[in-house]
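Letter by letter, the chains look like this.
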Amino acid sequence: MDNATSLADLISQLDQGVHLIEWQGFPLRIVRQAWGDLAISLYGAQVLWFQPAGQYPVLWTTTKPAPFPKAVRGGVPLCWPWFAEPLEENAGEPFHGVARTVEWEVNSESYNAHGGEWLLKPVGPIWTNLDPAFSIKVAGSAVTFKLTTHNVGEADVRVTQALHSYLAISSRASISVSGLDGAEYADKNHDFSVFTQSGDITVNEAVDRIYHSTADVYLKDVEWQRVLKISKKNSQSTVVWNAGAGAEDVPDIGLDQVDGYLCIEAAKTRQYDDMVLAPQGKVSLETTISVQSLS
Ligand SMILES: O=P(O)(O)OC[C@H]1O[C@@H](O)[C@H](O)[C@@H](O)[C@@H]1O
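Given the structure is predicted, the values throughout are model-derived calculations rather than measurements.

1. Regarding empty space enclosed by the protein
Now for step 1: A complete count under the given rule lists one cavity of 30 Å³ or more for this structure.
Now for step 2: Reported here for the largest cavity is a volume of approximately 30 Å³.
Now for step 3: In this structure, the largest cavity is lined by Ala215, Val217, Ile230, Ser231, Lys232, Thr238, Ile264, Glu265 and Ala266.
Now for step 4: Residue assignment for the lining of the largest cavity shows that the elements contributing at least two residues are β18 (226–233) and β20 (261–268).
Now for step 5: Looking at the lining of the largest cavity residue by residue, the classes come out as five nonpolar, two polar and two charged.

2. A few points about the pairing of strand β22 (residues 282–293)
Walk down a regular strand and you will see the side chains alternate between the two sheet faces.
Now for step 1: Burial analysis of β22 places nine of its twelve residues in the buried class, the great majority of the element.
Now for step 2: One ladder, built from eight bridges, connects strand β9 (residues 142–151) with β22; its direction is antiparallel. Bridging across to β22, Thr149 finds its partner in Val283.
Now for step 3: Bridge count for β18 against β22 is eight bridges, and the pairing is antiparallel. Bridging from a neighbouring strand, Arg226 pairs with Ser293 of β22.

3. What to know about the layout of surface pockets
Now for step 1: Computed from the structure, the largest pocket encloses a volume of approximately 590 Å³.
Now for step 2: Partitioned by chemical class, the residues of the lining of the largest pocket number 14 nonpolar, nine polar and nine charged.

4. Let's talk about the side chain of Thr269
Now for step 1: Assignment of secondary structure puts Thr269 in the loop between β20 and β21 (276–277).
Now for step 2: There is a polar contact of 2.8 Å between the side chain of Thr269 and the side chain of Ser237.
Now for step 3: Polar contacts involving the side chain of Thr269 include one to the main-chain amide nitrogen of Tyr272, which spans 3.2 Å.
Now for step 4: When residues no more than four places from it in sequence are discounted, the contact partners of Thr269 are Phe83, Thr160, Ile210 and Ser237.

Calculation criteria
Residues numbered from 1 in each chain as written. Predicted model: local features only at pLDDT ≥ 70, side-chain atom pairs only at ≥ 80, totals over all residues. Heavy atoms only, no water. 1 Å grid on protein atoms, 1.4 Å probe; cavity = no way out; pocket = protein on both sides within 12 Å on 5 of 7 lines; lining within 4 Å. Points joined across faces, edges and corners; volume = space filled by probe spheres on them. Helix = DSSP H or I, 4+ residues; strand = E, 2+ residues; numbered from the N terminus. Nonpolar A, V, L, I, M, F, W, Y, C, P; charged D, E, K, R; others polar. Buried < 20%, exposed > 50% of the residue type's maximum accessible area, 1.4 Å probe, protein only. Pairing = 2+ DSSP bridges. Polar contact = N/O pair within 3.5 Å; in protein donor to acceptor, adjacent residues only side chain to side chain. Contact = heavy atoms within 4.5 Å.

As structure tokens, this is what we get:
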């Protein structure tokens, strides 16, 4: 396989079934079934691709990932056990946590012509006293991601997190995002100053905002004649991010790819979500992305 093959091309060359394959240095489990295609990277338990049969891809993944061991940019990176900068007690640790750059394994897998379910666990412990699990459920053209955290220690642990979904779009000019009208947001591009959303979101320049909201969000794409509905559970924060002109300095996006995605992330942030997980406590963060036709 040509090492520079895009993920889309690689998948399209495979037969129906389940394939264990390396793509650009990353170990993938690729599932092709009557309902469509799913690619999971075991590095980070990162779903890199979901494309219902006969439809445009739901998730975007870069065609030029940074070399392993950096996380692939795209799909649904798990930001865990913190979102964005590490909490004070973890100073010096990586941005967006440690889950996306460790090895995971598939603990169970089942699928049929209509969907499937996968459960992943890290190969070994990845963070003191916290035990994560990640499940993926496909039902027709909808996919649900659920990240569960169990405090197996004897002390409170502060956690934040995100399901950092990179959603595929035809172009930024063709999309609008509804569902957040009236919501307060902290704007990272303006020193986290707080504003209130008025109307739909359009993306004409860099956007990096944490919305205080539990609402369903709708990403309408006129060119692709579809709406992606993003719903979630146990999350007070919805992050909306596109690098804008700043993509020029991000080699695994670049100005040639920045028009292909918008991140809409179900998150638990220090800004808007309760953070303490008590001993033996469990918390789950869940999001479902479903496709609706515009025509
Ligand atoms: O480059 P990373 O670490 O994957 O982060 C990408 C982006 O992730 C978003 O969730 C953040 O709001 C952005 O500020 C950040 O730039």
